[in-house]
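# Summary of structural features
Here is how the chains run, residue by residue.
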Amino acid sequence: MTINLKFYNYLIGQAENLTEEWYKSLNTENNGVYSSNSEESIAALKEKNKHFHLNFFTVFSDVSGSLSTEMMNWIQFIAQDHGHLDTSNSSIVNEFLRTEKQYLDALYQFSMEYSSSISAQEVEDLRTVILCTMREIITTVLDELDKNQKVLLNAQSHMITELSAPVIQLTAKTGILPLVGEIDTYRASIIFEQVLNSCVEKRISCLIIDLSGVPIIDTMVAMKLFDLMKGLRLLGVSASISGIRPEIAQTAVQLGINLDNVKIYSNVDKAIDDGILV
């Protein structure tokens, strides 16, 4: 039997202990997947760790020396797991490095037990396999996590985009756009696009743009919002403004924006009382 297979069998016999030792020294105070105190989560975490050991050890039984299909499946599972996606990359890498140390310690014990039948070069070769394989796994995991985190961020960004300009129908043809919070140039651009599309889709012919929840806007954003008014007019949508603050009004005056043809109300109730709902 080759040294690699002897070491493989030796590690297989150590898998259970390696997992228990790993968890005992785990810093559960860190946030993320390693911090759960529930028995179910702890058992699942240990099971994932044990599966990692068993998948890793196959590198010593496979002459190709490449990551097994099972290991790649394990990596894909971890990279898509929300617990790991919510855990910092530094914490994840640290756990891989702690596991690497376990393997190196196991190699040392193995070399002591088989000192009469293993050469220094063979020990060094096994050490190289451990280090190189772990580096490959860490790189692959981080790449997959990064890919899935970007997918998650894009999905969240899409959701935020949709919520940035919520046109709410008050009647069949009347809607309200309640804007809340600070509006930067990017969000203003999103609002411009989303509102025009929403008005067409919902067949809105009268839109109240409520600015009571917007503390202040800069010059560029003000221009974008008033461009929105022009765009709505081109679509045949009658737009009115409610809740405009003195700071926003001052910005409009400074920009020379003509609001003569725009109905302006102090609040939404005033707009409704004026009978603009259709």
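You'll find the structure just up there.
Overview of the structure. Everything numeric here is computed off the predicted structure, so don't read it as measured data.

## A word on the overall build of the protein chain
Tallying secondary structure elements over the protein chain gives ten helices and five strands in all. The globule rule puts the C-alpha radius of gyration for 278 residues at 19 Å, and the 31 Å found for the protein chain is more than 25% above it. Seen through its C-alpha atoms, the protein chain measures out along the principal axes to roughly 95 × 35 × 35 Å. Among the 278 residues that make up the protein chain, the fraction classed as buried is 40%.

## Overview of the environment of Asn9
Along the chain, the position of Asn9 falls in helix H1 (residues 3–24). Look at Asn9 and you get partly exposed, because its relative accessible area is 41%. For the pair formed by Asn9 and Thr58, sequence separation is 49 residues and the distance between their alpha carbons is 9.9 Å.

## Considerations on the pattern of salt bridges
The tally for this structure, following the rule as stated, stands at nine salt bridges. Between Asp105 and Lys101 there is a salt bridge, with the nearest N and O atoms lying 3.1 Å from each other. A residue pair is termed a helical-turn pair when its members lie 3 or 4 positions apart in one helix, as Asp105 and Lys101 do in helix H5 (residues 89–113) at four residues. Residue Glu124 is joined to Arg127 by a salt bridge in which the shortest nitrogen-to-oxygen separation is 3.8 Å. Pair noted here: Glu124 and Arg127 are both in helix H6 (residues 120–164), with a separation of three residues, about one helical turn.

## What to know about a nonpolar patch on the surface
A contiguous nonpolar patch, built from Ile168, Leu170 and Ile272 and spanning about 220 Å² of accessible area, is present on the exposed surface. Relative to the assigned elements, Ile168 resides in strand E1 (residues 168–169). The partly exposed category is assigned to Ile168, whose relative accessible area is 42%.

## Some thoughts on the packing of helix H7 (residues 185–201) against helix H8 (residues 219–234)
Two quantities define a packed helix pair, namely the angle between the axes and the distance from one axis to the other. Between H7 and H8, whose axes approach to 9 Å, the crossing angle comes to 10 degrees. Compared by their axis directions, H7 and H8 come out roughly parallel. Between H7 and H8, the residues in contact are Thr185, Ala188, Ser189, Ile191, Phe192, Val195, Leu196 and Cys199 and Met220, Val221, Lys224, Asp227, Leu228, Gly231 and Leu232, respectively. Residues belonging to the contact of H7 with H8 are distributed by class as follows: ten nonpolar, three polar and two charged.

## A look at unusual backbone geometry
Despite not being glycine, Arg203 shows a phi value in the positive range, around 55 degrees. Judged by relative accessible area, which is 70%, Arg203 ranks as exposed.

## Points about the side chain of Thr99
Turning to its location among the elements, Thr99 is positioned in helix H5. Discounting chain neighbours no more than four positions away, the residues touching Thr99 are Trp22, Asn49, Phe52, His53 and Met134.

## Regarding the environment of Ser88
As for its placement among the helices and strands, Ser88 is situated in the loop between helix H4 (82–85) and H5. Given the relative accessible area of 37%, Ser88 is considered partly exposed. The spatial distance from the C-alpha of Ser88 to the C-alpha of Gly32 is 7.3 Å, given a sequence separation of 56 residues. Only 2.8 Å separates the side chain of Ser88 from the side chain of Ser91, close enough to count as a polar contact.

## Quick notes on the sheet that holds strand E4 (residues 238–242)
As summarised here, the arrangement of the five strands in space is E1-E2-E3-E4-E5, forming an open sheet in which the pairing is mixed. The strands lining the two open edges of the sheet, one partner per strand, are E1 and strand E5 (263–265). As judged from the two bridges shared by E1 and strand E2 (residues 174–180), these two strands associate in the antiparallel manner. Paired with Ile168 across the bridge in E2 is Ile176. Across the sheet, H7 lies against E2 and strand E3 (206–213), angled at about 165 degrees from E2, the strand it touches most. Contacting E2, E3 and E4, H8 crosses the sheet at an angle of about 170 degrees to E3.

Rules behind the numbers
- The written sequence of each chain sets the order in which its residues are numbered from 1.
- Note on the predicted model: pLDDT of at least 70 is required for a residue's local features to be given, and 80 or more for side-chain atom pairs to be given and counted; whole-chain, interface and lining totals, by contrast, use all residues.
- In computing side-chain values, all of the structure's heavy atoms are included and hydrogens and water are not.
- A run of H or I in DSSP counts as a helix once it spans at least four residues, and a run of E counts as a strand once it spans at least two, with each numbered from the N terminus.
- Only the C-alpha atoms count toward the radius of gyration. The rule for a globule is 2.2 Å times the residue count to the power 0.38.
- Only protein chains enter the accessibility calculation, which uses a 1.4 Å probe; a residue whose area is less than 20% of its type maximum is buried, one above 50% is exposed, and one in between is partly exposed.
- Put simply, a salt bridge is a Lys or Arg side-chain nitrogen that is within 4 Å of an Asp or Glu carboxyl oxygen.
- Patch definition: residues above 30% relative accessible area lacking any salt bridge, with like charges linked at up to 9 Å and the nonpolar side chains Val, Leu, Ile, Met, Phe, Trp and Tyr linked at up to 5 Å.
- For the area figures, the Shrake-Rupley method with a 1.4 Å probe applies, and any residue is considered shielded solely by the protein chains shown.
- All axes are obtained by fitting lines to C-alpha atoms, using only the stretch in contact for helices, and the reported angles, taken between N-to-C directions, cover 0 to 180 degrees.
- Orientation categories follow fixed angle ranges, with anything under 35 degrees roughly parallel, anything over 145 roughly antiparallel, 65 to 115 roughly perpendicular, and all other angles oblique.
- Every residue pair with non-hydrogen atoms within 4.5 Å of one another is taken to be in contact.
- Gly is put with the polar residues, along with every residue not named as nonpolar or charged; the nonpolar set is Ala, Val, Leu, Ile, Met, Phe, Trp, Tyr, Cys and Pro, and the charged set is Asp, Glu, Lys and Arg.
- N or O atoms closer than or at 3.5 Å make up a polar contact, with two conditions inside protein: a donor-capable atom paired with an acceptor-capable one, and, for residues adjacent in sequence, both atoms drawn from side chains.
- Only strands joined by at least two bridges in the DSSP assignment are considered to pair.

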